[in-house]
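Commentary on secondary and tertiary structure
What follows is the residue order along each chain.
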4 protein chains.
Amino acid sequence: MIIVLKAQATEQDAKHILNKIEQAGLKPLYMPGVERTVLGALGDERVLQKLHLENLPTVEEVKPILTKYKMVSRDVQAHDSVVRIGNVPVGGNRFTVIAGPCSVESEQQMLSVSEVVAKEGAVAIRGGAFKPRTSPYDFQGLGEEGLKLMSLARDMTGLPIVSEVMETSQVDMMVNYVDCLQIGARNMQNYGLLKAVGETGKPVLLKRGLSATIEELLLAAEYIYDAGNPNIILCERGIRTFETATRNTLDLNAVAVIKQKSHLPVLVDPSHGTGVRELVIPLSRAAAAVGADGIIVESHLNPSEALSDGHQALTGEMFAQLMQELKPFVEAAGRTL
Amino acid sequence: MIIVLKAQATEQDAKHILNKIEQAGLKPLYMPGVERTVLGALGDERVLQKLHLENLPTVEEVKPILTKYKMVSRDVQAHDSVVRIGNVPVGGNRFTVIAGPCSVESEQQMLSVSEVVAKEGAVAIRGGAFKPRTSPYDFQGLGEEGLKLMSLARDMTGLPIVSEVMETSQVDMMVNYVDCLQIGARNMQNYGLLKAVGETGKPVLLKRGLSATIEELLLAAEYIYDAGNPNIILCERGIRTFETATRNTLDLNAVAVIKQKSHLPVLVDPSHGTGVRELVIPLSRAAAAVGADGIIVESHLNPSEALSDGHQALTGEMFAQLMQELKPFVEAAGRTL
Amino acid sequence: MIIVLKAQATEQDAKHILNKIEQAGLKPLYMPGVERTVLGALGDERVLQKLHLENLPTVEEVKPILTKYKMVSRDVQAHDSVVRIGNVPVGGNRFTVIAGPCSVESEQQMLSVSEVVAKEGAVAIRGGAFKPRTSPYDFQGLGEEGLKLMSLARDMTGLPIVSEVMETSQVDMMVNYVDCLQIGARNMQNYGLLKAVGETGKPVLLKRGLSATIEELLLAAEYIYDAGNPNIILCERGIRTFETATRNTLDLNAVAVIKQKSHLPVLVDPSHGTGVRELVIPLSRAAAAVGADGIIVESHLNPSEALSDGHQALTGEMFAQLMQELKPFVEAAGRTL
Amino acid sequence: MIIVLKAQATEQDAKHILNKIEQAGLKPLYMPGVERTVLGALGDERVLQKLHLENLPTVEEVKPILTKYKMVSRDVQAHDSVVRIGNVPVGGNRFTVIAGPCSVESEQQMLSVSEVVAKEGAVAIRGGAFKPRTSPYDFQGLGEEGLKLMSLARDMTGLPIVSEVMETSQVDMMVNYVDCLQIGARNMQNYGLLKAVGETGKPVLLKRGLSATIEELLLAAEYIYDAGNPNIILCERGIRTFETATRNTLDLNAVAVIKQKSHLPVLVDPSHGTGVRELVIPLSRAAAAVGADGIIVESHLNPSEALSDGHQALTGEMFAQLMQELKPFVEAAGRTL
């Protein structure tokens, strides 16, 4: 940790801080300069953070040297993690395609779309039973009834299912139904929920928050890991920027950065990442090319009747086209579909 | 609602949509143009939203004309709402100053800072018992014990207390301790929590999310109102932008916009809005000048020992200076402290 | 154009505006609603914009229906444009790779890196002679001397050269040296410069501004086109967001959007788009997959001695690896390198 | 300067860099740690930047300790600068109000609005003769003819005039007409233009770029200062964010930060900073309260006929109201109008 003192700080001020560092059992360093004095503190930065040196009036800035996350870092585990959703491995040589409707709307809707995406090569089914909606007047999801319909889809297709958990109180009930708990973008920093899913041991699909930095995403994953659950899949789903032509700005830089910093698998959600049906296929291709471990896409056999996000859902035909177009890019990346 | 069709849409496509609009009991309008056909639908836009016209392949764009929120809008109530925290009115002629530490750390810390801010003119005490922290290794708050210490501060000063609720499961317990429930920025779209605090009837201090638009903030308030609780105080606390010199960018435009669009009172949090102790006073002055109904600031008698956010906490002396500097600006705004 | 009136606007106000629309030779439409009156105006929106209806006190909002750009739009030309830099076509079946140093530093540096990238398959050479630098104390480029060194590189490799023009006064001189004029991100809305390069007829590589929307980029291109020059190549080079792990956020959504809206070719600059050498290859792969027409990358045989942007420059070995890794993705996209 | 080495860097790598630092005449520091080795380099950071240590493959990160700007910094000059536009001091005890139309449109328009704003207390007149417009089909300004009309306004009112210079080639002509050269937001990093206005010695009103950091704004000012011109007035005019309810997000944090870091005067432009006429007065009040040295606002006697930005222009009555509302806030800030 590097501590930059204010211009007016005296040698006395510096010594006071160096003593604090030493008393905490760390190695202090004194670097008097022409315009600013700089101090160093070597050792476990988590101990150092508890000194709260940034609060001192003589301190201009504290610059940490190490990241705050540990367990999800490649420094701790060099090889890629593989997380299994049911019997589907995410993170290995296979490029994982998860598909299904934004919201579960009815048995007929859920089963028909599941049949199509399963036939075309999806390896897991997504669907929303509890829906976080910006307006209280929008469709809020079928709740537990929706999970039952998803279970039927699993029985029919043999594929595992993924659904979003919105509250701590839902966790116990949901683990009975789903193979993977999704944490939505709005809940990425809902720490109670992160701890709760961490305690289940179930695979967790953790979506990046709308304005979360990559480091904050990894720290959110660290919460889950710290609660005892290493089965974490990260998901880039677009960030909020000034651009209005797309719903969000899909940040594929983030996928490449995370693959360097963390051993966890990373999916891409091109449906929310663009918000435009016609952009889903090109961005899915790009996700495969940049090194993502898979995609999670929204599909609906009749998007014009969808109760939510119909504008970004692929029809059955488009989903088939997606799988066909993806293939050469997945192979170019040295993986299989 | 205005519906813009794609260039290739036929008259037949237009008629199909016009029929849908009519069947929904609304008035359809047909506007064929040289380059694009535009349709209109007059009536309750909430009915229209359920048609999901944006999902149709022939539709390029759907432009709503009315905002989605109702009850928190000035269209529904022209005069300013006044919300009472304990016996303290927020939203009237008085400029409300709420102050206290970021985190409750100990009885001594809580009582001593409460005594000072009460003496200097704060009308309510803030403090964090449950702390949302980016890293699992940071101090997470004292929990219910912290609420007990806040209650002691209330007993001593006679001032009402405000504290953040992080989870639905905490709501019942917290209403026994606090006079106002705070929803933090990270939970602005935690809809289960919004509904839960909405059912209590307790005053709610709703903070704007890091990347929430003003409309999304008002829709989050609408969730609380819709659950039966009109006692909502909004809070601008800075948004996330590219600027790194400050922790957030305090958006005082938003205060002026909200005062136009909504009847709810609006506070400003200059501590989180800047993240820099030295900027709190000038931005508090600006908050009074722009028309905010008050501020909520962090104060700590010994910021260099604070367990969280010490870098943005005002010392007792600085808090006294804040109150003194605020006075002429509050009076210039036609209010009293 | 759709004109939404304020709630308090009278029928009289509406008629006043409808008259204005009619007098401008356009077709007016009257849509009285329960909560708001909406007006329509059908015809050439450029005429309508001159009415400045948004300025009227009774008008709440004016919503244009058509984009403001014309000549660069697919509505005007459905097929892809191919722009030739020297004898190199950009925008056809070939995936264009342009490479070279950030700054021209010396004859030795320029020629050696040009030799390598030419050998490995680059089809044009980039290099900066005039450098826009954030600080006045940073290296500002060799100026015309740099262009002479680039000409030597062209003579040696037979490849055309691309360099940034920073000012109108440099245009006449630069057209004698370079095969393609680059407009940098900071100058995307330097309208005098856009007009000046528009008058030359030379190919222009127009980079997206740091916080320019896609529509603003297309309008900047429209300036060049409108000045008589259709030889425009667009370039996505990353936008400014809150994320600090990368220098910019490469917006590959934008590539897919532009390919829908415009007939102009689009390159991607993964060097500036990431700012991190190790991320250049994965994002180049993604650029090929999303449908870009090529990439422009920075390369330096000795990046640790580079006078600018060495941290994002590929070494000769890495450039060779880039070309090798790109190949299968370019082929998957149905193109050739 | 602090240099953090990568985890795999050896002692040998560290020594290599320490030698480089020493050879550059600076004091090297060696700080081996458990997880990372950190090096320090003490002395003039501008020399250090030329070493380009960030380019080395063994270096993870280089953290500068000092800002890159010098002459515009409070470290160099502790007291506030006062810049005179004609005989009007900007930056002292007086709160400067500059007003006038967005575009100069006609003699009648220019003179009538100048008369009103002068009568109400504006101390300088603004007006645009050369207009940077997003679309080539929008009104581009009257050019030199507009400057002549502004000169008439100066003759009539006795007030100095401010107008935007868009290109280097306009500088010589414009200095004959105007008392202060404005650099617009889109040109904040047009370095040739910054140098050119720097060489004139005329006062320069430098607007912050749409996505420029505070540090970049100060570095742009440093370009002007470095070219020999200390007469620089900074202007906060809103930054681009995700919020769409306002045209830009006015960043009043930035005013308070700049007042700490720099001795230059700072104005606020609430017209562009909000883009909404009704928000101009509250944000002007806030500008006075936060410590700005004045405001620059758009005014038009007949905004509904304005050729540009009519939606954000104050009418004569609103300008009079602005001056009246400003007064108590300016006085609360210890200044006079």
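Residues numbered from 1 in each chain as written. Chains lettered and ligands numbered in written order. Predicted model: local features only at pLDDT ≥ 70, side-chain atom pairs only at ≥ 80, totals over all residues. Heavy atoms only, no water.

Per an unreviewed UniProt entry, chain A goes by the name 3-deoxy-7-phosphoheptulonate synthase and belongs to Veronia nyctiphanis.

Another aspect to go through is the relation of the copies chain D and chain C. Superposing chain D onto chain C takes a rotation of 180 degrees combined with a translation of 0.0 Å along the rotation axis, leaving an RMSD of 0.1 Å. This pairing of chains is accounted for by a two-fold axis. Minimal C-alpha distance to the rotation axis in chain D is attained by Ser211 of chain D, lying at 3.0 Å. (Least-squares fit on C-alpha atoms with pLDDT ≥ 70 in both.)

A word on the relation of the copies chain A and chain B. Each copy superposes on the other: chain A lies on chain B with an RMSD of 0.1 Å after a rotation of 180 degrees and an axial shift of 0.0 Å. The share of interface residues of chain A whose copies in chain B are also at the interface is 98%, consistent with both copies meeting through the same surface. (Contact = heavy atoms within 4.5 Å.)

Many authors give the size of an interface as the accessible area that is lost as the parts come together. Facing 52 residues of chain D, the contacting portion of chain C comprises 52 residues. Regarding the contact of chain D and chain C, the summed buried area is about 4,100 Å², with carbon and sulfur atoms giving 45% of it. Between Arg240 of chain D and Glu216 of chain C there is a salt bridge, with its nearest N and O atoms 2.7 Å apart. Linking chain D with chain C are 39 residue pairs in polar contact (both at pLDDT 80 or more), by the criterion used here. Secondary structure elements with two or more residues in the side of chain D that touches chain C: α2 (45–49), α6 (191–200) and α7 (214–226) of chain D. The residue inventory of the side of chain D that touches chain C, partitioned by class, reads 15 nonpolar, 17 polar and 20 charged. (Buried area = accessible area lost by both parts, 1.4 Å probe. Salt bridge = Lys/Arg side-chain N within 4 Å of Asp/Glu carboxyl O. Polar contact = N/O pair within 3.5 Å; in protein donor to acceptor, adjacent residues only side chain to side chain. Helix = DSSP H or I, 4+ residues; strand = E, 2+ residues; numbered from the N terminus. Nonpolar A, V, L, I, M, F, W, Y, C, P; charged D, E, K, R; others polar.)

Attention shifts here to the packing of helix α7 (residues 214–226) of chain C against helix α8 (residues 252–261) of chain C. Residues and elements named next belong to chain C. Orientation of α7 relative to α8, taken along the N-to-C sense of each, is 50 degrees, at an axis distance of 11 Å. In terms of orientation, α7 lies oblique with respect to α8. Two packed elements cross with a definite hand, and for α7 against α8 that hand is right-handed. On α8, the residues touching Ile214, Leu217 and Leu218 of α7 are Ala254, Val257, Ile258 and Lys261. Looking at the contact of α7 with α8 residue by residue, the classes come out as 6 nonpolar, no polar and 1 charged. (Axes fitted to C-alpha atoms, helices over the stretch in contact; angles between N-to-C directions. Parallel < 35°, antiparallel > 145°, perpendicular 65-115°, else oblique. Left-handed = near helix turned anticlockwise from the far one by under 90°.)

Looking now at the domain arrangement of chain A. When the domains of chain A are assigned, the result is domain 1 (2–63) and domain 2 (83–332). For domain 1 of chain A versus domain 2 of chain A, the separation of C-alpha centres amounts to 44 Å. (Domains from an automatic or database assignment.)

Residues and elements named next belong to chain A. Taken in spatial order, the 8 strands close into a barrel running β7-β8-β9-β10-β11-β12-β13-β14, and their pairing is parallel. The average angle at which neighbouring strand axes cross in this sheet is 25 degrees, direction not considered. By the bridge criterion, 3 bridges tie strand β9 (residues 161–164) to strand β10 (residues 180–183) in an arrangement that is parallel. Paired with Ser163 across the strands is Leu181, a residue of β10. Strand contacts of helix α6 (residues 191–200): β10 and β11 (204–207), with the helix running at about 165 degrees to β10, the strand carrying the most contacts. (Pairing = 2+ DSSP bridges.)

The next thing to look at is the UniProt feature "domain: DAHP synthetase I/KDSA" (unreviewed entry) in chain A. In the numbering used here, UniProt assigns the feature "domain: DAHP synthetase I/KDSA" (unreviewed entry) to residues 91–328 of chain A. Its end C-alpha atoms 19 Å apart, residues 91–328 of chain A is made of 40% helix and 14% strand. (UniProt positions renumbered as here; feature names shortened; annotations may be inferred.)

Time to look at the interface of chain A and chain B. Of the residues lining the interface, 52 residues belong to chain A; the matching set on chain B comes to 51 residues. For the pair chain A and chain B, the summed buried area comes to about 4,100 Å², and 45% of that belongs to carbon and sulfur atoms. By the criterion of area lost to chain B, the three top residues of chain A are Asn55, Thr134 and Tyr137 of chain A, representing 18% of everything that side buries. Along the contact surface separating chain A from chain B lie 8 salt bridges. The interface formed by chain A and chain B includes 37 residue pairs in polar contact (both at pLDDT 80 or more). Residue assignment for the side of chain A that touches chain B shows that the elements contributing at least two residues are α2 (45–49), α6 and α7 (214–226) of chain A.

With that settled, the discussion passes to the sheet that holds strand β13 (residues 266–268) of chain B. All names here are of chain B. The sheet built from 8 strands closes into a barrel, its strands ordered β7-β8-β9-β10-β11-β12-β13-β14 with parallel pairing. Direction aside, the axes of adjacent strands within the sheet are offset by 25 degrees on average. The pairing of strand β10 (residues 180–183) with strand β11 (residues 204–207) spans 3 bridges and is parallel. Bridge assignment links Leu181 to a residue of β11, and that residue is Val204.

Let's shift gears to the pairing of strand β1 (residues 2–5) of chain D. Residue and element names in this part refer to chain D. Going residue by residue along β1, you find Ile2 and Val4 tucked away on one face and Ile3 and Leu5 tucked away on the opposite face as well. Of the pairings in the sheet, the one linking β1 to strand β3 (residues 38–42) comprises 3 bridges and is antiparallel in character. Paired with Ile2 across the two strands is Gly40, which belongs to β3. (Buried < 20%, exposed > 50% of the residue type's maximum accessible area, 1.4 Å probe, protein only.)

It is worth spelling out the side chain of Lys259 of chain A at this point. Residues and elements named next belong to chain A. Inspection of the secondary structure assignment puts Lys259 in helix α8 (residues 252–261). Residue class for Lys259 comes out buried when judged on its relative accessible area of 16%. Engagement of the side chain of Lys259 in a polar contact is seen with the side chain of Asp293, the distance being 2.6 Å. Apart from the residues within four sequence positions on either side, Lys259 is in contact with Arg74, Asp80, Leu264, Pro265, Val266, Gly291 and Asp293.

Another aspect to go through is the state of the cysteines. Residue and element names in this part refer to chain B. Throughout the structure, instances matching the rule amount to 0 disulfides over all chains. Here Cys102 is not cross-linked by a disulfide; its sulfur's nearest cysteine counterpart is in Cys235, at 13 Å. According to the relative accessible area criterion, Cys102 is buried, its value standing at 7%. A disulfide-free cysteine, Cys180 has its sulfur positioned 10 Å from the sulfur of Cys235, the nearest such atom. Assessed through its relative accessible area of 0%, Cys180 is described here as buried. (Disulfide = S-S within 2.5 Å.)

What you tend to see is this: most non-glycine residues have negative phi, and most peptide bonds are trans. Residue and element names in this part refer to chain A. Although it is not a glycine, Asp309 sits at a positive phi angle of roughly 55 degrees. Here Asp309 shows up in the loop between β14 (294–298) and α11 (316–332). The class for Asp309 is buried, based on a relative accessible area of 13%.

A few words now on the side chain of Asp293 of chain D. Residues and elements named next belong to chain D. Position of Asp293 relative to the elements: it lies in the loop between α10 (280–290) and β14 (294–298). With a relative accessible area of 0%, Asp293 lands in the buried category. In contact with Asp293, other than residues within four places in its own chain, are Gly91, Arg94, Phe95, Thr96, Lys259, Pro265, Val266, Leu267 and Arg335.

A separate point is helix α11 (residues 316–332) of chain B. An ideal rise of 1.5 Å per residue puts 24 Å on 17 residues; α11 of chain B measures up with 25 Å between its terminal C-alpha atoms. Along α11 of chain B, the sharpest change in direction is near 35 degrees and occurs at Leu326 of chain B; proline Pro328 of chain B comes one to four residues later. Listed as buried for α11 of chain B are Gly316, Met318, Phe319, Leu322, Met323, Leu326, Phe329, Val330 and Ala332 of chain B. In this structure, the buried residues of α11 of chain B make contact with β7 (96–100), α3 (107–120), α10 (280–290) and β14 (294–298) of chain B together with α10 and α11 (316–332) of chain D. Positioned one or two residues after α11 of chain B, Gly334 of chain B has a phi angle of 80 degrees, which is positive. (Expected span 1.5 Å × (residues − 1). Bend = angle between axes of the 7 residues up to and from the residue.)

Our focus in this paragraph is the environment of Lys68 of chain B. With respect to the helices, strands and loops of the structure, Lys68 of chain B is situated in the loop between β4 (59–63) and β5 (83–85). Not counting the four nearest positions on each side in its chain, Lys68 of chain B is found in contact with Ser135, Tyr137 and Asp138 of chain A together with Gln49, Glu215 and Leu219 of chain B.

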